[in-house]
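Below, each chain spelled out in residue letters.
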Amino acid sequence: MTRRRPEGLTASLLIGPATLVVLLSLVLPLALLARYSLNRYDRRTFMVEAFTPENYLRFVTDPFYTGVLWTTFSIAIVTTLLCLLMGFPIAYKLARSQSRWKSIGVLLIILPLFIGSTVRALGWMGVLGRGGIVDAIYGAMGGTGISLLYTSFAVGLGILSINLPYMILTLQSVIEGIDARVEEAADSLGASPPRRFWHVVLPLALPGIATGGILVFILAMNAYATPFLLGGARFQMMAPMLYREFAVNNNWPFAAAIAFILMLTTLTLTALSSLLVQRRYRAQ
Amino acid sequence: MANAIQSATPSTRGAWLSKLVVTVLITAGVVLMIVPLLMTAYMSLFADGVVTFPPSGYTLSWYGRLAEFPKFGQSLGTSLRVAFTATLLSLLIGVPASIALVRYRFIGRGLLNVLLLSPLTVPGVVIGLGLYVLMVDIEIRSEIPLIGSDWVLVLAHLLITTPWVVRLCVANLVQLDRSIEEAAANLGAPPARVLWSVTLPMMRQGIVAAALFAFIVSFENIELTLFLISPGMITFPISVLQYLEYRFDPLVASVVVVQTAVIALLLLAIDRYVKLSKVV
C-alpha cells in the first residue's frame, strides 16, 4: 500500500462544506440576534443601539407573555404524551406486521408528512368551525351553534394530527430494530402480553421514545401555522406571537428576546429529558 | 359475549381489556390523521362559495378554476425550484459529511455531529428571524438586495434539509457492512474509487430517503420561509396560509387536494424504485 493521506484531512474535506453552511447560516445569525435582543426599541427609528436586559425583563414580568409561554409549553407536553400513547400501538403493529399491506400502511403514514400543516388546519376548520360538521350535528341535535375553533382543543387536535406521523415513523424504526425473538422468549417463559410490554418491549424502545418525544415536543413548541389558523387571535402561542412582534409591531429587539426565550426553553427541556433517559438507561 | 367475559379468568380479562385500549388508541390515532385530509377533499366538492355543512349541492367546478387561486402557479414554481435546489445541495454537502462522521475517526467528531444536527432543535421562527436580520445587516453594508432572492431561501432551507440528510445517511451507513469497502481497498482500489464505486452505491436507499425528506421539509416549510419572502416571491404553503387568513372556501380546498394527489403519485412512483417502508 502506498503512503496514505492522513485520515483527518480527508474527513475535514468531506465534512467541511456542511459545517461551513451550518456555522454561517445558523451560528452567525443567532449571534447577531443575541446582540439585537439587548438593543432598545424606539417608536420612530425602531431600533436603538443599547446594552440592556429590558426586553427579557419585559417578558418575564408581564403575565401576558409568561402566560403565552406557559400555554405553549402545556400544549406541547400534552400533545407529546398523546402522540406517544396513540403512536406506540400503531408503530408496533406496523413494525411487526408481515402482511403485504404493510408498505401501504407506511405510505399512508408518510403521505401526511408531505402535505403540510396548512392543509391539516384547513380540514379541521371544516370540522370544528362555524357551519362545520360538529356545529351541524350539534345543531341537528337541538343545540344552538357551537364553534370549537380558536380554542386550546382545536389547536391541540391540529398539532396532534400533524405530529403523530413523525412519532409513528420514529418508533416504528426503533421497534423494528428490537429482535422479535426477545419477545418470543418472554412469551415462552410465560409472560403475559402486558408484562411482556412493560418489562421487555418498553425498556428496549426507550431510546426511540425519547427521540420521537423530543422531535414531536420541539415541533409543537415551534408550531406556527396551526395556532395561527386554528387558534386565531384568541389563543396565543409563542411562534405566531414572535412573528407578530416582528412583522406588525416592528419591534425587532423584543422579537429577538422572545426568540431566545423560546429557544432556551426548548433546548433546556429537551436536554433534561434526554439526560433523564440516558441515566435510566445506564441504571438498567 | 357478556357470559364469555364473566367466565373468563382475571388474566384473560386483563388481556381483553388491554386489547380494547390498544384498539381504541389505534383507531383514535388513525382517525386523527385521516379526518383532516378527508374533510379537505370533501369540502373541495361543495357547490357553495362559503363552507357550511351540509352543502346545498356538489360540484367539480372548483377544480376547473384552480388557476384563479392567487399566485398559484408562481408560488408553486418558487416552492418546487427552492425545494429541488435545496435538496440537491444538501445531498452534495450532507452525504460526504455523513461518510466522514461514520467512517473516519477525527478530533471533534462528536461535536460536529451535534452541530450538524442542531438546526433541527432550534425553532424555525428563531432561525428565520436570525437569517432575516443577518440579511438586512448584509444588505445595509453591501447594498446588494438579498431578501426576495431564491438564494436566500435556498440557503435557509439548506439549514433544515442538511440535518435530515446527515441523520438518515448516518443511520443508513452504520448498518452497512464495512468489510466490503475494506475488501475493495485491499484489492488496490484508491480511496476515491472505493467511495464512488462501493460506498455510494451501497448507500442508495439511504440517499433516496434523505432526498425525499429533504424535499418534504423544504417544500412544506412555513416557519423559516415566513421571514424571508417578499411580496413578489412567496412559496406555495405561504400563499395557502395567506389566502386562509381572509377566505375559507372550496377553491383553496381543491388547490390543496390537487397538491396532495400529485405528491401521493410521486411517492408511489418512488416506492416502486426503493421500498419506502424499509428506508424511512
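What counts, and at which threshold
- The residue count restarts for each chain, going from 1 along the sequence in the order it is written.
- Both sets of labels track the order of writing: A upward for chains, 1 upward for ligands.
- This being a predicted model, a pLDDT of at least 70 is required before a residue's local features are given, and a value of 80 or more before pairs of side-chain atoms are given or counted; all residues contribute to the totals for chains, interfaces and linings.
- Where helices and strands are cited, they refer to DSSP runs of H or I of at least four residues and of E of at least two residues respectively, numbered from the N terminus.
- Values of the radius of gyration come from C-alpha atoms, whereas the globule rule sets the reference at 2.2 Å times the count of residues to the power 0.38.
- Put plainly, a residue is buried at 20 or more neighbouring C-beta atoms within 10 Å of its own, exposed at 12 or fewer, and partly exposed in between, counting only other residues' C-beta atoms, which are placed from the backbone.
- Here contacts are defined at the residue level, using C-beta atoms placed from the backbone and a cut-off of 7 Å between them.
- Each residue is assigned to one of three groups, with Ala, Val, Leu, Ile, Met, Phe, Trp, Tyr, Cys and Pro labelled nonpolar, Asp, Glu, Lys and Arg labelled charged, and all others, Gly among them, labelled polar.
- Each domain's limits were defined by an automated method or a database of domain assignments.
- In this description, a nonpolar core means buried residues of the types Ala, Val, Leu, Ile, Met, Phe, Trp, Tyr and Cys, linked to one another by C-beta atoms lying within 7 Å.
- Expected span of a helix, by definition, is 1.5 Å for each gap between consecutive residues, and there is one gap fewer than residues.

**Quick word on the overall build of chain B**
- When helices and strands are tallied, chain B shows 14 helices and zero strands.
- Tracing chain B from N to C terminus, the helices and strands come up as α-α-α-α-α-α-α-α-α-α-α-α-α-α.
- Over its C-alpha atoms chain B spans a radius of gyration of 25 Å, topping by over 25% the 19 Å that the globule rule assigns to 280 residues.
- In chain B, buried positions account for 39% of the 280 residues.
- Counting contacts in chain B only where the partners sit at least 6 residues apart, residues at least 24 apart contribute 77% of the total.

**Observations regarding the overall build of chain A**
- Secondary structure assignment for chain A yields twelve helices and two strands.
- Ordered by position from N to C terminus, the α and β elements of chain A give α-β-β-α-α-α-α-α-α-α-α-α-α-α.
- Relative to a compact globule of 284 residues, whose C-alpha radius of gyration would be 19 Å, chain A shows 24 Å and is clearly more extended.
- C-alpha atoms of chain A, sized along the principal axes, occupy 85 × 75 × 35 Å.
- Counting all 284 residues of chain A, 44% fall into the buried class.
- Within chain A, contacts between residues at least 6 apart in sequence are counted, and of these 70% link residues at least 24 apart.

**Let's talk about the environment of Met202 of chain B**
- Mapped onto the fold, Met202 of chain B is located in helix H9 (residues 191-202).
- Separated by 190 residues in sequence, Met202 of chain B and Thr12 of chain B place their C-alpha atoms 48 Å apart.

**Side note on the interface of chain B and chain A**
- If you look at the interface, chain B gives 78 residues, while chain A gives 77 residues.
- Among the secondary structure elements, those contributing two or more residues to the side of chain B that touches chain A are helix H2 (10-43), helix H4 (72-103), helix H5 (109-117), helix H6 (124-142), helix H7 (150-175), helix H12 (236-246), helix H13 (250-273) and helix H14 (276-279) of chain B.
- For the side of chain B that touches chain A, the leading source of residues is H2 of chain B, giving 17 residues.
- Per-class residue counts for the side of chain B that touches chain A are 58 nonpolar, 14 polar and six charged.

**Some points on the domain arrangement of chain B**
- By domain assignment, chain B separates into domain 1 (2-61) and domain 2 (69-279).
- Once you take the C-alpha centre of each, domain 1 of chain B and domain 2 of chain B turn out to be 34 Å apart.

**Some remarks on the environment of Gly156 of chain A**
All names here are of chain A.
- Its location among the elements puts Gly156 in helix H7 (residues 152-177).
- Expressed as a C-alpha distance, the spacing of Gly156 and Val127, which sit 29 residues apart in the sequence, is 14 Å.
- Sequence-distant contacts of Gly156, defined by excluding residues within four places in its chain, comprise Ile75, Val78 and Thr79.

**Overview of unusual backbone geometry**
- The phi angle at Tyr150 of chain A is positive, at roughly 65°, despite the residue not being glycine.
- Its location among the elements puts Tyr150 of chain A in the loop between helix H6 (133-140) and H7.

**Digging into the nonpolar core**
- Core analysis: the largest hydrophobic core is formed by 155 residues, its most contacted members being Met238, Leu242, Ile258 and Ala259 of chain A together with Leu129 and Ala210 of chain B.
- Considering every element that reaches this core, the biggest residue donor is helix H3 (residues 63-96) of chain A, with 14 residues.
- The residues that make up this core include at least three from each of domain 1 (2-61) and domain 2 (69-279) of chain B.
- In contact with Leu242 of chain A, other than residues within four places in its own chain, are Ala255, Ile258, Ala259 and Leu262 of chain A together with Val125 and Leu129 of chain B.

**What about H6 of chain B?**
Residues and elements named next belong to chain B.
- An ideal rise of 1.5 Å per residue puts 27 Å on 19 residues; H6 measures up with 26 Å between its terminal C-alpha atoms.
- Within the sequence span of H6, burial applies to Gly124, Val125, Val126, Ile127, Gly128, Leu129, Gly130, Leu131, Tyr132, Val133, Leu134 and Met135.
- Within two residues after H6, Glu143 carries a phi angle of roughly 60°, on the positive side.

**What to know about helix H11 (residues 238-247) of chain A**
- Extensive coverage of H11 of chain A is indicated by the burial of eight of its ten residues.
- Inspection of H11 of chain A places Met238, Ala239, Pro240, Met241, Leu242, Tyr243, Glu245 and Phe246 of chain A among the buried residues, and these make up the whole buried set.

**Comments concerning the environment of Ser239 of chain B**
- When you line up the elements, Ser239 of chain B lands in helix H12.
- Sequence separation of Ser239 of chain B and Leu60 of chain B is 179 residues, and the distance between their C-alpha atoms is 22 Å.

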